[in-house]
Amino acid sequence: MAIRILHTSDWHLGRQLYGRRRSSEYSAFLSWLHETIRDEQIDVLLVSGDIFDTTTPGANVQREYFEFLGKLSETGCSHAVIISGNHDSPVLLGAPAALLKYFNIHVVTAREEALLLENRHGSPMLGVIAVPFLHDKDIRLSSELETSQDKMQAYHEAVAARFRSCERQMLEILDGRDIPVVGMAHLFTAGGATVDGDGVRDLYVGSLSHISPSVFPAAACYMALGHLHVPQCVGGMENIRYSGSPLPMGFGEAAQRKQVCIADLEAGQPPDVKTLEIPVFRHLVRICGDLRQIEERLSILSSDAPTAKALPTWIEIDYDGDEIIDDLSHRIERMERPRTTMEIIAVKNLRKAQAILRQQEQAQNLEFMTPIQVFKRCMEDNGIDQCQRTGLQAAFAEIYHSVLTCGSEE
Ligand SMILES: [Mn+2]
């Protein structure tokens, strides 16, 4: 009998977009996921990290998570395995682990674990090698390591060691039983694709923190990965996958089709993998152009706006016309459009931003820029030599990455 798993990750529950809560989208996604688990007769749910968007999710956000887990028992799914990602607080996520395991929900946060999951009749059906996200501080880096290359090498080796020890444990627990084994991890695999604005790309510009797929355990017939928000196979391998985030994290991801992965596993056989597209619960649209182009796009969008039942479309406007307009928001606000089905949630005056930046009044526009962009702008303004820029940017990206992964909110 094949075991059917569903792999998802990077929910980022509690995520906001320009200060707007996305709880309606999340509850629509979680209901869809329940139905899918039931209809597809999923045996085991795997969630590969970044459950919450911040280390301190609000009470409502946590309630939604626990409601989802509670209702899993109504779907026929026998087990869920959840690992922590770089956004999660291992302490917060792990706190209810002892209770949740009585409901066959396994939460792995502090260190790697080899799990043996049993079916309803008490027979082992699936082994799971679960490796949560490793923060730099979880790894004792020798103070003698000075170059970033040495540090990344040490990080890579530490991750590889975790997989090795976890695979060893798994083989001991299996004790020769012939059942399928899967691996779970939250990390950046070498060659992975990211997109602008997904909150992942900037972390890795020029950095070396890419883990080679060679560290993944040979015992695992499927690797359920999290961290990258673009769904993808690693190195063209069908059985090493990122499910990607279920919702677009920002306007940069808006055009992507989001998905979950479903795999049928049988011992000694390659897994049978398919993907299932997640419906778009809210359309995100970025409009770029001058005033006339913006007005045109708005009117085209108005004619095929979603029905009143669907969530209103959210629109980001990036004005880049030649004319410098001071009352841009006001002028766009007056443009004709259906108010109930379309909401403009951000207006960026790129022209004005550039003008102001040239006047060195950068502070006001920082919210429109990523730290990497600010850094690049600094290099430009200070006339840094082109050949030095790559190295400096890599150094900055590394510092920025270590700040972000040091238990801070991002
Ligand atoms: Mn993520």
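Just above, that's the structure.
Sequence order as written defines residue numbering, which begins from 1 separately in each chain. A pLDDT threshold of at least 70 governs which residues receive local features in this predicted model, and a stricter bar of 80 or more applies before side-chain atom pairs are shown or counted, although totals over entire chains, interfaces and linings include all residues. The side-chain figures draw on all heavy atoms in the structure; neither hydrogens nor water molecules are used.

Our next topic: the overall build of the protein chain. A count of helical and extended segments in the protein chain gives 11 helices and 17 strands. Relative accessibility under 20% of the residue-type maximum defines a buried residue, over 50% an exposed one, and the middle range a partly exposed one, all with a 1.4 Å probe and only protein chains included. In the protein chain, buried positions account for 50% of the 410 residues. For the protein chain, long-range pairs separated by at least 24 residues make up 73% of all intrachain contacts whose partners lie at least 6 apart in sequence. Computed with the Shrake-Rupley method and a 1.4 Å probe, the accessible areas treat only the protein chains shown as cover for residues. Here the protein chain has roughly 19,700 Å² of accessible surface; of this, 49% comes from carbon and sulfur atoms. In this text, helices come from DSSP runs of H or I with a minimum length of four residues, and strands from runs of E with a minimum of two, each type numbered from the N-terminal end. Any two residues whose heavy atoms approach within 4.5 Å at even a single point are treated as in contact.

Right, let's talk about the sheet that holds strand S16 (residues 313–319) for a bit. Paired through their backbone hydrogen bonds, the strands of a sheet run either parallel or antiparallel. In space, the three strands of this open sheet follow the order S15-S16-S17, with parallel pairing throughout. A single partner strand is all that each edge strand has here, and the edge strands are strand S15 (284–289) and strand S17 (342–349). Ignoring strand direction, the axes of neighbouring strands in this sheet form an average angle of 20°. Strand pairing is assigned whenever DSSP detects at least two bridges linking the two strands. Judged from the seven bridges that link them, S16 and S17 form a sheet pairing that is parallel. For Asp318, the partnering residue across the bridge sits in S17 and is Lys348. Here an angle of 0 to 180 degrees is reported between the N-to-C directions of two axes, which are lines fitted to C-alpha atoms, with helices fitted over the stretch in contact.

A word on the pairing of S17. For S17, the tally of buried residues reaches six of eight residues, placing the bulk of the element in the interior. Traced from S16 through helix H8 (residues 328–333) to S17, the parallel crossover comes out right-handed. Convention used here: a crossover is right-handed provided that the path from the first strand, over the helix, to the second strand proceeds clockwise when the strands point away from the viewer.

This paragraph deals with the coordination of the manganese ion. In a perfect tetrahedron of four donors around a metal, the angles come out at 109.5 degrees. In a perfect octahedron of six, they are 90 or 180 degrees. Metal sites are built from N, O and S donor atoms within 2.8 Å, or 3.2 Å for Na, K and Ca, and they leave out water, so they may look incomplete. Around the manganese ion, the protein contributes the donor atoms Asp10 (OD), His12 (NE2), Asp50 (OD) and His229 (NE2), which lie 2.0 to 2.5 Å from the metal centre. Mapped onto the polypeptide sequence, the residues donating to the manganese ion form the spacing pattern D-x1-H-x37-D-x178-H. The burial state of Asp10 is the same as that of His12; both residues are buried.

Unlike most non-glycine residues, Gln41 shows phi in positive territory, near 50°. Considering the arrangement of structural elements, one finds Gln41 in the loop between helix H1 (23–39) and strand S4 (44–48). Positive phi, close to 125°, is recorded for His227, a residue that is not glycine. Relative to the helices and strands, His227 resides in the loop between strand S10 (222–226) and strand S11 (232–234).

Further remarks concern the environment of Met379. Residue placement: Met379 occurs in helix H10 (residues 371–381). Using a relative accessible area of 5% as the deciding quantity, one classes Met379 as buried. Sequence separation of Met379 and Gln393 is 14 residues, and the distance between their C-alpha atoms is 9.1 Å. Ignoring any residue separated from it by four or fewer positions in sequence, one finds Met379 in contact with Ile384, Arg389, Leu392 and Gln393.

Right, let's get into the packing of aromatic side chains. Only Phe, Tyr and Trp rings are paired, with Trp represented by its six-membered ring, and only when their centres lie within 6.5 Å; those with planes under 30 degrees apart are stacked, over 60 edge-to-face, the remainder tilted. Under the definition given, this model contains nine aromatic pairs. Where Phe52 meets Tyr65, the ring centres are 5.0 Å apart and the plane angle is 70°; that geometry is what we call edge-to-face. One end of the pair, Phe52, is in the loop between S4 and helix H2 (59–71); the other, Tyr65, is in helix H2, and 13 residues separate them in sequence. Tyr65 carries the same exposure label as Phe52, and that label is buried. Following the ring pairs from residue to residue traces out a cluster consisting of Trp11, Phe29, Trp32 and Phe68.

On to a nonpolar patch on the surface. Together, Leu99, Tyr102 and Phe103 make up an exposed nonpolar region whose accessible area comes to about 420 Å². Mapped onto the elements of the fold, Phe103 is located in the loop between helix H4 (97–100) and strand S6 (105–108). What goes into a patch is any residue over 30% in relative accessible area without a salt bridge, connected to like charges within 9 Å or, for nonpolar side chains (Val, Leu, Ile, Met, Phe, Trp, Tyr), within 5 Å. Salt bridge criterion: a side-chain nitrogen from Lys or Arg within 4 Å of a carboxyl oxygen from Asp or Glu.

We now examine the pattern of salt bridges. Applying the stated criterion across every chain, the model contains 19 salt bridges. Here Glu112 ties to Arg111 by a salt bridge, and the two come within 3.3 Å at their closest N and O atoms. Here Lys258 ties to Glu253 by a salt bridge, and the two come within 2.6 Å at their closest N and O atoms. Neither residue differs from the other here; Lys258 and Glu253 are each classed as buried. Linked through salt bridges whose partners overlap, the residues forming this network are Arg4, Glu40, Asp264 and Lys274.

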